[in-house]
Amino acid sequence: MSRLPVAPLRGDEPITGLSDTSVVDFWRFAMPDLKVNNTRGVFAEFLVHQAIESTRRRVEWADHDVETDDGLRIEVKAGAYLQAWEQQRHSDIRFTGLRARTWTPTTGYSTEKSYNAHVYVFAVQTAREHTSYDPLDTTQWEFYVLPRPKLERLNTNSLSLASVRAAAGQPAHFPDLGSHIRTADPRPPAHAVEVTKTT
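Residues numbered from 1 in each chain as written. Predicted model: local features only at pLDDT ≥ 70, side-chain atom pairs only at ≥ 80, totals over all residues. Heavy atoms only, no water.

(A) Local environment of the layout of surface pockets. Empty space within the largest pocket amounts to approximately 1,000 Å³. Along the wall of the largest pocket there are 25 residues; nearest its centre are P8, V42, R57, R58 and V59. Partitioning the lining of the largest pocket into residue classes produces 14 nonpolar, 2 polar and 9 charged. Computed from the structure, the second largest pocket encloses a volume of approximately 630 Å³. If you trace the second largest pocket, you find 33 residues lining it, with E45, D65, E75, V76 and K77 closest to the centre. Considered class by class, the residues forming the lining of the second largest pocket number 12 nonpolar, 10 polar and 11 charged. (1 Å grid on protein atoms, 1.4 Å probe; cavity = no way out; pocket = protein on both sides within 12 Å on 5 of 7 lines; lining within 4 Å. Points joined across faces, edges and corners; volume = space filled by probe spheres on them. Nonpolar A, V, L, I, M, F, W, Y, C, P; charged D, E, K, R; others polar.)

So, in structure tokens, the structure goes:
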């Protein structure tokens, strides 16, 4: 059964059977707090999507999180010192699930886990006090960018923030994130691909 293309929701679409209720009310219910781990992760993906000016929509079941219009696949991992629950101390930031099984509707899940993106972006929300925490402020985020070959050499399924910093060096800030991702692109130039195909 082939799925039909669906136009992105605007937020003002009414929900049949519920008076004075629209899709935006569902969004407020489902994602009211960007401190929540899952929602923070999706928001970090959105920031990367904006930084590389992609027009491609998020695909829930894809083996990567963001894709550029020319096919660069990006995996985004997010972490923060502060959480939505009570804490005794700041969280130790660790990024997990760097390798994953791929999935297709025809073959299901692959048997082996693999690194499935070209570039990995580790996003950190840097606020350390709840009074100043603002996930919508891009200056409170820092991003560490690693190309897949470098991650493959580390040969691990998870990395601490200290390990990410050691591997990636200085973080990128949001205005420069797109260029950092492009610089980390490990794919050969287009002309090199053409030469390979014709020799």
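Here the narrative resumes.
(B) Fine view of the packing of aromatic side chains. Per the counting criterion, the structure on display carries 6 aromatic pairs. An angle of 35° between the planes, with centres 6.1 Å apart, marks the rings of F43 and F46 as tilted. Placement of both F43 and F46 in helix α2 (residues 37-51) is noted, with a separation of 3 residues, approximately one turn of the helix. Between W141 and F143, the aromatic rings sit 6.3 Å apart at their centres with planes inclined by 15°, giving stacked as the arrangement. Its relative accessible area of 1% is what places W141 among the buried residues. By way of ring pairs, the aromatic residues F43, F46, W141, F143 and F174 are connected into one cluster. The ring centre of Y133 lies 4.7 Å from the NZ or CZ of K35, which sits over that ring. Directly above the ring of Y81 sits R128, whose terminal nitrogen or CZ lies 3.8 Å from the centroid. (Phe/Tyr/Trp six-rings, centres within 6.5 Å; stacked < 30°, edge-to-face > 60°. Helix = DSSP H or I, 4+ residues; strand = E, 2+ residues; numbered from the N terminus. Buried < 20%, exposed > 50% of the residue type's maximum accessible area, 1.4 Å probe, protein only. Lys NZ or Arg CZ within 6 Å of the ring centre and 35° of its normal.)

(C) Structural view of a nonpolar patch on the surface. Together, L9, F26, W27 and F29 make up an exposed nonpolar region whose accessible area comes to about 480 Å². Inspection of the secondary structure assignment puts F29 in helix α1 (residues 23-30). (Patch = residues over 30% accessible without salt bridge, like charges linked within 9 Å, V, L, I, M, F, W, Y side chains within 5 Å. Areas by Shrake-Rupley, 256 points an atom, 1.4 Å probe, with all protein chains shown as cover. Salt bridge = Lys/Arg side-chain N within 4 Å of Asp/Glu carboxyl O.)

(D) View of the pattern of salt bridges. Going through the model one piece at a time under the given rule, you end up with 13 salt bridges. Between R182 and D70 there is a salt bridge; the shortest N-O distance is 3.1 Å. With R182 in helix α5 (residues 174-184) and D70 in the loop between β1 (66-67) and β2 (73-80), the pair connects residues that are 112 residues apart, well separated along the chain. Exposure remark for R182: the relative accessible area of 37% places this residue in the partly exposed category. One salt bridge in this structure joins E142 and R165, with 3.1 Å as the shortest N-O distance. Placement of E142 in strand β7 (residues 141-147) and of R165 in helix α4 (residues 161-168) is noted, with a sequence separation of 23 residues between them. Since its relative accessible area comes to 12%, E142 is described here as buried. Salt bridges here are not isolated pairs; linked through shared partners, they connect D70, R182, D185 and R187.

(E) Here's a closer look at the environment of L159. Relative to the elements of secondary structure, L159 occurs in strand β8 (residues 159-160). Since its relative accessible area comes to 6%, L159 is described here as buried. For the pair L159 and I93, spaced 66 residues apart in sequence, the C-alpha to C-alpha distance is 8.9 Å. Setting aside residues no more than four positions away along its own chain, L159 makes contact with R94, F95, L98, F122, L146, L151, L154 and V164. (Contact = heavy atoms within 4.5 Å.)

(F) Layout of the pairing of β7. Counting buried residues in β7 gives 7 out of 7 residues, a clear majority hidden from the surface. In β7, alternate side chains face the same way, and those of W141, F143, V145 and P147 on one face and E142, Y144 and L146 on the other are all buried. In this sheet, β7 lies alongside strand β6 (residues 119-125) in antiparallel orientation, the contact comprising 7 bridges. Bridged to Y120 within β7 is L146. (Pairing = 2+ DSSP bridges.)

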